[in-house]
Amino acid sequence: MAQIRRLVVDVLKPHEPPVLAFTQQVGDAESIAGINATLLELDKEVQNVKLTIEGEAIDYDAIEALIEDAGGTIHSVDQVVCGEYIVENAPTPQD
Amino acid sequence: MASNSIRERIGIDKIGPIARRYFVSNGFDGALTGVGITVGAYLSGVPDGFTVIKIGLGGAVGLTTSGVWSVWEIERAEMQAELHDIEEAMLTDLSETQVERDKTSTQVVNALMSGLGPLVGLLLPLIPFLFEGAPLSLFQATLLSVAVTVGVLFTFGAYMSMISRQRWYIAGIRMGLAGIVVAVISIFLPG
C-alpha cells in the first residue's frame, strides 16, 4: 500500500489539554515529521482544530490513538496525500 | 526556564488555585483549632506537655482526615460533572483519556493539599510542648505555641499576598491576628 505523506484531519477536542500541549503530544508520534494545528472554532466546552500532518509514512492508527488519548476525536479526514512525493490539489476550471 | 523546570519536576506546577485555597483555608482551621486546644488544655490544668500533644494529635488526625475525605468527595463530584458536560459536548466517552487522568490528578492534589493544611497548622504549634519540663514550663510552652501559631498564620497570609500582590506584612498581620483573637477568647471562656 502507498505510504501516507500528508494527512489533514478535522478534530474536535476539549479545551484541556490546550492546543499547544495537544499538538506537541500528537506530534510526538514517530511517523510524523511535521504538524500544523489551526484552531477553526471555539465553543463553550470544545475546540475544533484542523491538523495538517506530514511525514514519510504516516501511521494513521497511531495518530488516531494519540488524538483520542488526549481527549479528541477525528470528525473527518479532509485530505490524504500518498505516494513517492506530495501531490498538491490541482486547480480545475470548476474551481 | 530553570525555575519552571524545577517546579514541574517536584510537581508544584500542578498545585492550582483551588488546591492553594484548600491548603490555606484548612490550614487556618487547623492553626486556630490548635490555639483553642493548647490554651484550653493549659487552662484546664493538664499535668504535662505530652498530654497537650496527645490531645492536639487527636485533633490533627480528625481535621486532616476531614480535609482529605471531604475534598476528595467534593472534587470527585465536580470532576464527574465537568467530564459529563465535556462528554455531552463531544458526544464521546472520555474514560481513560488524558482529560480524565488530568482531572483525577487534580482531585488527588486538591485532597492532599486540603489535608496538609490542617496538619501543618496543628502540628507546628504542638512542637513547644515537646520541650515542656526541661527548658520550658507548661505556661511558657503554651505561650510559645500561640506565638508559633501566629507565625504559621502570618506565613499563610504572607504567602497569599504573593498571589494577590498585597503588602506581605499587612496580609500576614491580618491572618496572624486571628491566632491572638482565638487565644484571648479561649482565656475568657467560662470554665
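Residues numbered from 1 in each chain as written. Chains lettered and ligands numbered in written order. Predicted model: local features only at pLDDT ≥ 70, side-chain atom pairs only at ≥ 80, totals over all residues.

J.: What should I look at first to understand the interface of chain B and chain A in this one?
T.: Where interface size is given, it is often the accessible area lost as the parts come together that is meant. With 10 residues of chain B at the interface, the matching set in chain A holds 12 residues. Among the elements of the structure, helix 3 (49-90) and helix 4 (98-123) of chain B are those that each provide at least two residues to the side of chain B that touches chain A. If you tally residues by element for the side of chain B that touches chain A, the top one is helix 3 of chain B, at four residues. Along the lines of polarity and charge, the residues of the side of chain B that touches chain A split into five nonpolar, three polar and two charged. (Contact = placed C-beta atoms within 7 Å. Helix = DSSP H or I, 4+ residues; strand = E, 2+ residues; numbered from the N terminus. Nonpolar A, V, L, I, M, F, W, Y, C, P; charged D, E, K, R; others polar.)

J.: Please clarify how the nonpolar core should be interpreted in this entry.
T.: Soluble globular proteins tend to bury their nonpolar side chains together. With 37 residues, the main nonpolar core has B:Phe28, B:Ala31, B:Val35, B:Val152, B:Leu153 and B:Phe156 as its most contacted residues. Looking at which element gives the most residues to this core, the answer is helix 2 (residues 17-44) of chain B, with 12 residues. Not counting the four nearest positions on each side in its chain, B:Ala31 is found in contact with B:Gly121, B:Leu122, B:Pro125, B:Thr149, B:Val152, B:Leu153 and B:Gly179. The next biggest cluster of nonpolar side chains, apart from the first, holds 15 residues, and it includes A:Leu7, A:Val11, A:Ile53 and A:Ile63. (Core = buried A, V, L, I, M, F, W, Y, C linked by C-beta atoms within 7 Å. Buried ≥ 20, exposed ≤ 12 C-beta atoms within 10 Å, placed from the backbone.)

J.: When you look at the confidence of the model for chain B in this model, what are you seeing that I'm missing?
T.: Caution is warranted with low-pLDDT regions, since their predicted coordinates should not be read in detail. Confidence in the prediction for chain B averages 88 pLDDT; 92% of positions are at 70 or higher. For this predicted complex, the interface score ipTM comes out at 0.71, while the overall pTM is 0.77. (pLDDT = per-residue confidence, 0-100.)

J.: It is not clear to me how the pairing of strand 1 (residues 4-14) of chain A should be interpreted in this structure. Could you clarify?
T.: All names here are of chain A. The buried fraction of strand 1 is high, at eight of 11 residues. Relative to strand 4 (residues 73-82), strand 1 is paired through eight bridges, and the arrangement is antiparallel. Across the sheet, the residue bridging to Val8 is Gln79, located in strand 4. Both strand 1 and strand 3 (residues 46-54) contribute to a ladder of nine bridges, which runs antiparallel. (Pairing = 2+ DSSP bridges.)

J.: Honestly, unusual backbone geometry in this entry has me stumped. Any pointers?
T.: Note: most residues except glycine have negative phi, and most peptide bonds are trans. In this chain, A:Glu16 is followed by A:Pro17 through a cis amide linkage whose omega measures -5 degrees. Position of A:Pro17 relative to the elements: it lies in the loop between strand 1 and helix 1 (19-27). The phi dihedral of B:Leu91 falls on the positive side, at around 55 degrees, and the residue is not glycine. The phi angle at B:Glu96 is positive, at roughly 60 degrees, despite the residue not being glycine.

J.: Any chance you could explain helix 5 (residues 138-164) of chain B here in plain terms?
T.: At 3.6 residues per turn, the α-helix brings residues three or four places apart onto the same side. Between the first and last C-alpha of helix 5 of chain B there are 39 Å, a value that for 27 residues agrees with the 39 Å anticipated at 1.5 Å per step. Looking at the residues trailing helix 5 of chain B, positive phi occurs at B:Arg165, about 60 degrees. (Expected span 1.5 Å × (residues − 1).)

J.: Whenever I open this one, the pairing of strand 3 of chain A confuses me. Can you help?
T.: Successive side chains on a regular strand alternate, one facing one side of the sheet and the next facing the other. Residues and elements named next belong to chain A. Burial of the side chains of strand 3 is restricted to one face: Gln47, Val49, Leu51 and Ile53 are buried, whereas none of Val46, Asn48, Lys50, Thr52 and Glu54 on the reverse face is. Looking at chain direction, strand 2 (residues 34-42) and strand 3 are connected through eight bridges and run antiparallel. If you follow Asn36 over to strand 3, its bridge partner there is Thr52. Here strand 2 folds back onto strand 3, and the loop between the two strands holds three residues.

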